[in-house]
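Summary of the model geometry
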Protein chains: 2
Amino acid sequence: MILFGPAEEIGAVADGVSVVDAPLSIAKDPDPARAVRANPDASIVRAVAAVAAGEADALVSGGSTGAALAASLFTFKRERGVHRPALALYLPVPGAGFLLLDAGANDVVRPEHLVQFAHMGAAYMEAVMGVREPRVALLSNGTEASKGPDTVVEAHALLEGTPGFVGNVEGFAIGTGEADVIVADGFTGNVALKVMEGTFAALMGAVRGAAMSSRRSRLGGLLLRPALRGMRDELDPEEQGGAVLLGLRRLAVVPHGSFGERGFARAIEVAARGVREDVAGRTHARLAAAGALRARPEASEAAASVPDQP
Amino acid sequence: MILFGPAEEIGAVADGVSVVDAPLSIAKDPDPARAVRANPDASIVRAVAAVAAGEADALVSGGSTGAALAASLFTFKRERGVHRPALALYLPVPGAGFLLLDAGANDVVRPEHLVQFAHMGAAYMEAVMGVREPRVALLSNGTEASKGPDTVVEAHALLEGTPGFVGNVEGFAIGTGEADVIVADGFTGNVALKVMEGTFAALMGAVRGAAMSSRRSRLGGLLLRPALRGMRDELDPEEQGGAVLLGLRRLAVVPHGSFGERGFARAIEVAARGVREDVAGRTHARLAAAGALRARPEASEAAASVPDQP
C-alpha cells in the first residue's frame, strides 16, 4: 500500500505501507476537472499517476469524489473494448441489495453504452460480490420492452436474450430484490440515487417525529431504538466501501469523505478483491461473449463528464 | 356532475348527479391508446367527449390512468400557447410537500417544454394549493447551472431571472421543502416518483421487520403504532386526489384506482377548484409575462406519449 498525502500529518504508518509526501490537496476545489489538470503535484493526481504507471493495481481515494473521478478518467485508459466508464454503487437494501450504474459518470449515453454497463455491472457483482449469474435490469418508466426513451428501448432490444437479462424495472424495484444490477444513464441513475437518499432521510425524520409526538410513542421509540439501529447499520453505506469506477484499466474505489476507518478498510478490500478476482478480465469476457465489444477506437468520443459527489 | 358508467350497476344517485349509461369499460386493456381509438363507446371516451363538448368543465377518472390520459390527450386541445401537456402529482411529504411534473406524460422534452412545465406547475400551486409565489426548481444531478444534460442546462438558462425560480435541485430535495414545484422530463420524473414509492415501501417494511425482531421491540412497535399511523395518514396519497394533467384546455384529474370514497371526493374537489381558480388562465398569464408562450402552432409535433399508471 502506498499512501499519498502530507507525510508530516500522516506520521508513523503500519508495516507494508509506504508514504509518498504529497502535501498539495485539491479536495476543496469547486472545479475538480480544472484542478486536476492544473495541479500535477496534487496528492490525488500523483496517486492516480502511480497507479497508471503500474506501481499499484487500484486507486482508493476518500478525498473529493469529483477530483478522484476526474483524475482517473483523464489518466486510466479504458478497458479493451469498453466505450465509456461508469460509476457503480452497491445499495445494501436489506434482502434486496443491488448495484446501480451509471450513478453519475455519463449524463447522456447511447444504447450500446447501456448494454456495456449491464455487462460491467454483472461482471462486478460476480467478481466482487460473489453473485452467481447476476440478474440485470434496465431502469425505465414501465416494464414493457417498448417503454422509455429510444435509448432505453434500443438497449432493451440489444440485451434481449442475454443470459441474466430480466428486462425493464421501474423505480419501485428499489427494495424488491428483483434485480442484482440496475442499469441507467448517469443522469437518471444519479437522480434515482439521491431521491432514495432524500426519501430515506425524510422518512427517518418523520419516524423520529412520530416517536416524539406523545409520551406513549416516546416510550415506544425508546424500546424500538436498538432494533432500528440494527436496521440502520445494515443500510450503512460504509459497509460497501463506496462507489466504484468501472470500465477503466485500473479500478478506482471512492469511499465517501465522511467514512470512518471501517469504510476505508472496506474500500481497500473492495479494490483488492476487484483486482484479485479480475473484474476487468471478466468484463471483457462477458462483452466478447455477447458481441458487445467496441469495434474500433473512438478517438473523437468526448470523455465522460465528472460527476458530483454521489 | 355527470357519471359515465354501467347505469344498472350504478343504481340510484344523489341529487344533482346524472348518469349516462356507458357499460363498455376499457380499463383492463393492456394498450390504452389503441383501446381509446378503437372504442368510441367506452365510458372513458364518452366522458372525455362530453367534457370536450363543454357539457362539463373537467374530467375525473379513477379507472385506468393510461386510458384516462390517452383519451384526454387525444381529445382535449392544448391550452393557448402550450407546447405539451404534463402530468403533475402533489407529494405530501410532511412539512415539505411539492408538486412534481412531468411525472410521466413526455419521455423526451425540449428546454422550452421544461420552461413551460415550470410555469404550469407554479400556476397550479397558486390556484389549487393556495401557495403564494411558489418556488420552482429543476431536477438535476447537481445544483450548479451547468449540471445535467443539455436540455436541463438550457432550460436553466431560459428560466434564470424568472420570479420564484430557485435553480436546480438534486434528488435529495425530496423532503427538504426547498421547492414547491420540481420540474423534470416525464421519464426522469416517473423514475423519481417510483423510486420514492419503492424506497418508502422498503423502509416501512424494514421498520416493521425491526419492530418484530424481539419482544422488546414488539412492545415498542405497539406503543409507537398510533403515531406511525398518523404519519402514514399525512402521507396518504388519497388526500391529494391523484395526478392532474395540466396544459390542456380541460383539466383531467386521475385518482388512483385503489382510492376509496375520500380519494374520489378529493379528486372532484381538486378538479372543481382548478376550474374555479382558473389554472388555465393563470398558466397563460404566467407564460405570457415570461415570454414563454408557444410562438405558432406546431401541427407536426407528435402527441405526448401515454404514461403508465403513475
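Scoring rules and cut-offs
- Residues numbered from 1 in each chain as written.
- Chains lettered and ligands numbered in written order.
- Predicted model: local features only at pLDDT ≥ 70, side-chain atom pairs only at ≥ 80, totals over all residues.
- Helix = DSSP H or I, 4+ residues; strand = E, 2+ residues; numbered from the N terminus.
- Rg over C-alpha atoms; globule rule 2.2 N^0.38 Å.
- Contact = placed C-beta atoms within 7 Å.
- Axes fitted to C-alpha atoms, helices over the stretch in contact; angles between N-to-C directions.
- Left-handed = near helix turned anticlockwise from the far one by under 90°.
- Nonpolar A, V, L, I, M, F, W, Y, C, P; charged D, E, K, R; others polar.
- Least-squares fit on C-alpha atoms with pLDDT ≥ 70 in both.
- Pairing = 2+ DSSP bridges.
- Buried ≥ 20, exposed ≤ 12 C-beta atoms within 10 Å, placed from the backbone.
- Core = buried A, V, L, I, M, F, W, Y, C linked by C-beta atoms within 7 Å.
- Arc of directions from axis to C-beta.
- pLDDT = per-residue confidence, 0-100.

**What about the overall build of chain A?**
Of the regular secondary structure elements, chain A holds ten helices and ten strands. In terms of C-alpha radius of gyration, chain A reaches 20 Å, essentially the compact-globule figure of 19 Å for 310 residues. Along the first, second and third principal axes, the C-alpha set of chain A runs to 60 × 55 × 35 Å. Expressed as a percentage of contacts within chain A between residues at least 6 apart in sequence, the contacts between residues at least 24 apart total 68%.

**Some thoughts on unusual backbone geometry**
The amide bond that connects Leu 101 of chain A to the next residue, Asp 102 of chain A, takes the cis arrangement and shows omega of 0°. Mapped onto the secondary structure, Asp 102 of chain A falls in the loop between strand S5 (98-101) and helix H5 (111-127). One non-glycine residue, Glu 133 of chain B, adopts positive backbone phi at about 45°. Its place among the elements puts Glu 133 of chain B in the loop between helix H5 (111-127) and strand S6 (136-139). Residues other than glycine seldom take positive phi values, yet Asp 278 of chain B does so here, at roughly 60°.

**Structural notes on the packing of helix H3 (residues 43-52) of chain A against helix H4 (residues 65-75) of chain A**
The relative placement of two packed helices is expressed as an angle between their axes plus a distance between the axes. Residue and element names in this part refer to chain A. It is at 9 Å that the axes of H3 and H4 come closest, and there the two elements cross at 35°. Between H3 and H4 the crossing geometry is right-handed. For the pair H3 and H4, the contacting residues are Ile 44, Val 45, Val 48, Ala 49 and Ala 52 in the first and Ala 67, Ala 68, Ala 71, Ser 72 and Thr 75 in the second. Tallied by class, the residues present in the contact of H3 with H4 amount to eight nonpolar, two polar and no charged.

**Digging into the relation of the copies chain B and chain A**
When chain B is fitted to chain A, the best match, at an RMSD of 0.0 Å, comes from turning it 180° and sliding it 0.0 Å along the axis. One copy is carried onto the other by what is essentially a two-fold rotation axis. Residue Gly 220 of chain B, judged by its C-alpha, is the member of chain B lying nearest the rotation axis, at 1.9 Å.

**Things to note about the sheet that holds S5 of chain A**
All names here are of chain A. With respect to topology, eight strands assemble into an open sheet ordered S3-S10-S9-S4-S5-S8-S6-S7, the strand pairing being mixed. This sheet does not close on itself; its edge strands, each paired only once, are strand S3 (58-60) and strand S7 (165-169). Here the average twist between neighbouring strands, direction ignored, is 25°. Sheet topology note: the strand S4 (residues 86-91)/S5 ladder contains four bridges and is antiparallel. Directly across from Leu 91, in S5, lies its bridge partner Phe 98.

**A word on the sheet that holds strand S10 (residues 251-254) of chain B**
All names here are of chain B. Across the sheet, which stays open at both edges, the eight strands sit in the order S3-S10-S9-S4-S5-S8-S6-S7 with mixed pairing between neighbours. At either margin of the open sheet sits one strand with a lone partner, and together these are strand S3 (58-60) and strand S7 (165-169). Strand-to-strand, the axes of this sheet are offset by a mean angle of 25°, without reference to chain direction. Sheet topology note: the strand S5 (residues 98-101)/strand S8 (residues 181-183) ladder contains three bridges and is parallel. Within S8, the position partnered with Leu 101 by the bridge is Val 183. Its contacts with the sheet put H5 on strand S4 (86-91), S5, S6, S7, S8 and strand S9 (243-246), and the angle it makes with S8 is roughly 160°.

**Observations regarding the pairing of S10 of chain B**
All names here are of chain B. Of the two faces of S10, the one lined by Leu 251 and Val 253 and the one lined by Ala 252 and Val 254 are each fully buried. The pairing of S3 with S10 spans three bridges and is parallel. Bridge pairing in S10 places Val 60 opposite Val 253. Pairing geometry for S9 and S10, over three bridges, is antiparallel. Bridging across to S10, Ala 243 finds its partner in Val 254. Remark: four residues form the turn of the hairpin made by S9 and S10, two consecutive strands paired antiparallel; Gly 247 in that turn has positive phi of roughly 100°.

**Brief notes about the interface of chain B and chain A**
Each partner contributes to the interface: chain B provides 52 residues, whereas chain A provides 52 residues. Breaking the side of chain B that touches chain A down by element, the ones donating at least two residues are helix H7 (186-211) and helix H8 (215-234) of chain B. For the side of chain B that touches chain A, the element with the most residues is H7 of chain B, which contributes 20 residues.

**Let's talk about the environment of Leu 73 of chain A**
The residue Leu 73 of chain A is located in helix H4 in this model. Residues Leu 73 of chain A and Ala 155 of chain A, spaced 82 residues apart in sequence, show a C-alpha to C-alpha distance of 24 Å.

**So, helix H3 (residues 43-52) of chain B**
Residue and element names in this part refer to chain B. Counting buried positions along H3 gives seven out of ten residues, so the element sits mostly inside the fold. The complete set of buried residues in H3 reads Ser 43, Ile 44, Val 45, Arg 46, Ala 47, Val 48 and Val 51. Tucked into the core, H3 has its buried residues touching strand S1 (2-5), strand S2 (18-21), helix H2 (32-38), S3 and helix H4 (65-75). Just past H3, the residue Gly 54 takes up positive phi, approximately 90°.

**Focus: the nonpolar core**
Counting 184 residues, the largest nonpolar core has Ala 88 and Val 183 of chain A together with Ala 88 and Val 183 of chain B as the members making the most contacts within it. Aside from chain neighbours lying at most four places away, what touches Val 183 of chain A is Leu 101, Leu 114, Phe 117, Ala 118, Gly 121, Val 136, Ala 137, Leu 138 and Leu 139 of chain A.

**Here's the deal with helix H6 (residues 150-159) of chain A**
All names here are of chain A. For H6, the set of buried residues is Thr 151, Val 152, Ala 155, His 156 and Leu 159. Here the buried residues of H6 occupy an arc of 135° about the axis, which is enough to place them on one side. The secondary structure elements touched by the buried residues of H6 are H5, strand S6 (136-139) and S7. A positive backbone phi angle near 90° is found at Gly 161, which sits one or two residues after H6.

**Topic: the environment of Ala 38 of chain B**
Looking at the element boundaries, Ala 38 of chain B is found in helix H2. Residues Ala 38 of chain B and Gly 63 of chain B, 25 residues apart in the sequence, show an inter-C-alpha distance of 17 Å.

**Some thoughts on the confidence of the model for chain A**
The predicted model of chain A has a mean per-residue pLDDT of 89, with 95% of residues at 70 or higher. Under the prediction, the complex receives an ipTM of 0.89, its pTM being 0.90.

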